[in-house]
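Understanding the architecture of this molecule
Residue-level listing of the chains:
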Amino acid sequence: TALIDLGYYSYSKSLDVCRQLDERNIDLYFGYRDNIPSSSVSAWNLRKVYSDYIGVTVGEGHRLAKNSSISLKDLQNEYLLGSNFHDYELEHSIISAMKEAGYKSMRPIHGLAYNDMFMRVSAGLGVSFVAASTTSAASWACKTIPLADFEYEKPLYMIWRGDNNNPTLQQFLETSSRILAG
């Protein structure tokens, strides 16, 4: 039978999952493209299954929590908490957009594990840019709010080896193709 790994991983864990995919220990992986080593992509098939938006996560009691959207200027005096989930393209895009918005004092704290980051956000110690779907996975009292002046798509992919003929995987891929089509 096929093992379908639905993990949401840091970059280092994704490298381990990619190795397992290469070694045929798992058949299918759901992950973000930026977590996949470019050297591996040629042997794999990628199918976009979902696209998430990047928003700002705030604690439920935060001054911005009741807003339906916020602007980057609303974040002028906030501590920016970063996770250890590295997405350098996103980070560069955010920093550039914040500079353009006139953000003067950037005080980011990086390298937090996701749970630590959500715990600090829910305690009111800062805000963070995250894919909106990750907030629903957190058990902390947080809310992700769309940005009015910043857009960034975060697509999630189904990834499998092109030469994998596992019948269970093939049936899953056929069924998912019909569902994604429509």
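Up top is the structure.
Residues numbered from 1 in each chain as written. Predicted model: local features only at pLDDT ≥ 70, side-chain atom pairs only at ≥ 80, totals over all residues. Heavy atoms only, no water.

1. Considerations on the overall build of the protein chain
A tally of helices and strands in the protein chain yields five helices and eight strands. In sequence order, the protein chain lays out its α and β elements as β-α-β-β-β-α-β-α-β-α-β-β-α. The 182 residues of the protein chain split such that 44% are buried. Of the contacts formed within the protein chain by residues at least 6 apart in sequence, a portion of 76% connects residues at least 24 apart. Entry remark: accessible area of the protein chain is about 9700 Å², with carbon and sulfur atoms responsible for 50%. (Helix = DSSP H or I, 4+ residues; strand = E, 2+ residues; numbered from the N terminus. Buried < 20%, exposed > 50% of the residue type's maximum accessible area, 1.4 Å probe, protein only. Contact = heavy atoms within 4.5 Å. Areas by Shrake-Rupley, 256 points an atom, 1.4 Å probe, with all protein chains shown as cover.)

2. Some details on the nonpolar core
Counting 22 residues, the largest nonpolar core has Val56, Leu72, Leu75, Met98, Phe129 and Phe150 as its most contacted members. Of all elements in the fold, only strand S3 (44-59), helix H2 (88-100) and strand S6 (128-131) reach the threshold of two or more residues within this core. With four residues, H2 is the largest single contributor of residues to this core. If sequence neighbours within four positions are ignored, valine 56 has contacts with Ile70, Leu75, Val127, Ser128, Phe129, Lys143, Thr144, Ile145 and Leu147. (Core = buried A, V, L, I, M, F, W, Y, C linked by side-chain atoms within 4.5 Å.)

3. Structural notes on the environment of asparagine 45
Within the secondary structure, asparagine 45 sits in strand S3. Relative accessible area serves as the criterion here: at 30%, asparagine 45 is assigned to the partly exposed category. Once residues within four sequence positions are removed from consideration, asparagine 45 is found in contact with Met158, Ile159, Trp160, Arg161 and Gly162.

4. Let's talk about the side chain of threonine 57
Of note, threonine 57 is situated in strand S3. Within the local environment of threonine 57, its side chain forms a polar contact with the side chain of threonine 144, the two groups lying 2.7 Å apart. (Polar contact = N/O pair within 3.5 Å; in protein donor to acceptor, adjacent residues only side chain to side chain.)

5. Describing helix H5 (residues 167-181)
With 15 residues, H5 extends 21 Å between its outermost C-alpha atoms, agreeing within 8% with the 21 Å of an ideal straight helix rising 1.5 Å per residue. Taken residue by residue, H5 has Leu169, Leu173 and Ser176 as its buried positions. Looking straight down H5, one finds that the buried residues subtend no more than 70 degrees of arc, so they occupy a single side. The exposed residues of H5 that point more than 90 degrees off its buried face are Pro167, Gln171, Arg178, Ile179 and Ala181. Buried residues along H5 sit against strand S2 (28-32), S3 and strand S8 (153-161). One side-chain oxygen at the N-terminal end of H5 lies 2.8 Å from the backbone nitrogen of threonine 168; it belongs to asparagine 166. (Expected span 1.5 Å × (residues − 1). Arc of directions from axis to C-beta.)

6. Focus: the pattern of salt bridges
All chains considered together, the criterion is met by four salt bridges. Here arginine 24 ties to aspartate 163 by a salt bridge, and the two come within 2.7 Å at their closest N and O atoms. Of the two residues, arginine 24 is situated in the loop between helix H1 (11-22) and S2 and aspartate 163 in the loop between S8 and H5; the sequence distance between them amounts to 139 residues. Two residues, aspartate 163 and arginine 161, come together in a salt bridge whose shortest N-O distance is 3.0 Å. Among the residues examined, arginine 161 registers a relative accessible area of 13% and is labelled buried. Each of the salt bridges in this network shares a partner with another, and the network as a whole consists of Arg24, Arg161 and Asp163. (Salt bridge = Lys/Arg side-chain N within 4 Å of Asp/Glu carboxyl O.)

7. A short note on the pairing of S6
Along S6, one buried face is formed by Ser128 and Val130 and the opposite face, lined by Phe129 and Ala131, is buried too. Sheet analysis places S3 next to S6, joined by four bridges and oriented antiparallel. For glycine 55, the partnering residue across the bridge sits in S6 and is valine 130. (Pairing = 2+ DSSP bridges.)

From the geometry alone we can't say anything about function, so treat these as descriptive.
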